[in-house]
Amino acid sequence: MACVDEEKLTANALWEAVTGKPGTQTWYERVHITCRSPEPEVARKAENERIYGPRRERAEKAKTEPATAAQVKYLTTLAEKVGKERFDAEFAKVIKDLGPAHRTGR
């Protein structure tokens, strides 16, 4: 893997590398370089799994579990606060683009 001199990698240099034309930027910005060699990539994936793994598991679990009594009570309270007509209108907006399979759970 070639070593990159990050001090010389400016937005102008990047522009020139991509377009073949000199850049016109008169100020300098740091360009963040992400190393995709095997070791840092494994570490990045492990960190992502540590952070996002539990979220994915909760989301997957929520798809298959029925709503709890407390959740239903909360939703009922919200529906009562806005009124039946408004609740029905908002609910219709949410599900209008879903096909029948989404509504029946198949």
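Residues numbered from 1 in each chain as written. Predicted model: local features only at pLDDT ≥ 70, side-chain atom pairs only at ≥ 80, totals over all residues. Heavy atoms only, no water.

### Let's talk about the overall build of the protein chain
- On a plain count of helices and strands, the protein chain comes out with 5 helices and 0 strands.
- Along the protein chain, helices (α) and strands (β) appear in the sequence α-α-α-α-α when read from the amino end.
- Here the protein chain holds 106 residues, and the buried ones make up 7% of them.
- Per element, the accessible surface of the protein chain, about 9,900 Å² overall, is 59% carbon and sulfur. (Helix = DSSP H or I, 4+ residues; strand = E, 2+ residues; numbered from the N terminus. Buried < 20%, exposed > 50% of the residue type's maximum accessible area, 1.4 Å probe, protein only. Areas by Shrake-Rupley, 256 points an atom, 1.4 Å probe, with all protein chains shown as cover.)

### Remarks on the packing of aromatic side chains
- All chains considered together, the criterion is met by 1 aromatic pair.
- Between F87 and F91 the ring centres are 6.2 Å apart and the planes differ by 10 degrees, which places this aromatic pair in the stacked class. One end of the pair, F87, and the other, F91, are both in helix α4 (residues 84–95), 4 residues apart, so they sit about a helical turn from each other. (Phe/Tyr/Trp six-rings, centres within 6.5 Å; stacked < 30°, edge-to-face > 60°.)

### A few points about the side chain of E41
- Structurally, E41 is set in helix α2 (residues 38–64).
- Judged by relative accessible area, which is 16%, E41 ranks as buried.
- Not counting residues within four places of it along the chain, the set of residues in contact with E41 comprises C35 and R36. (Contact = heavy atoms within 4.5 Å.)

### Focus: the pattern of salt bridges
- As enumerated under the stated definition, the model contains 8 salt bridges in all.
- Here E47 makes a salt bridge to R50, at a shortest N to O gap of 2.6 Å. With E47 and R50 both in helix α2 and 3 residues apart, this pair spans about one turn of that helix.
- Accessibility expressed as a relative area gives 36% for E47, which makes it partly exposed.
- Here R50 falls in the exposed class, since its relative accessible area comes to 55%.
- Residue E90 pairs with K93 through a salt bridge whose shortest N-O separation is 3.2 Å. With E90 and K93 both in helix α4 and 3 residues apart, the pair spans about one turn of that helix.
- E90 sits in the partly exposed class, given a relative accessible area of 34%.
- Exposure remark for K93: the relative accessible area of 51% places this residue in the exposed category. (Salt bridge = Lys/Arg side-chain N within 4 Å of Asp/Glu carboxyl O.)

### Here's the deal with a nonpolar patch on the surface
- Among the surface-exposed residues, Y74, L75 and L78 lie close enough to one another that they form a single nonpolar patch of about 320 Å² accessible area.
- Note on placement: L75 falls in helix α3 (residues 69–82). (Patch = residues over 30% accessible without salt bridge, like charges linked within 9 Å, V, L, I, M, F, W, Y side chains within 5 Å.)

### Let's talk about the confidence of the model for the protein chain
- Of all residues in the protein chain, 76% have pLDDT values of 70 or greater, and the mean over the chain is 79.
- Confidence, expressed as mean pLDDT per element, reaches its minimum in the protein chain at helix α5 (residues 100–104) with 57 and its maximum at α2 with 90. (pLDDT = per-residue confidence, 0-100.)

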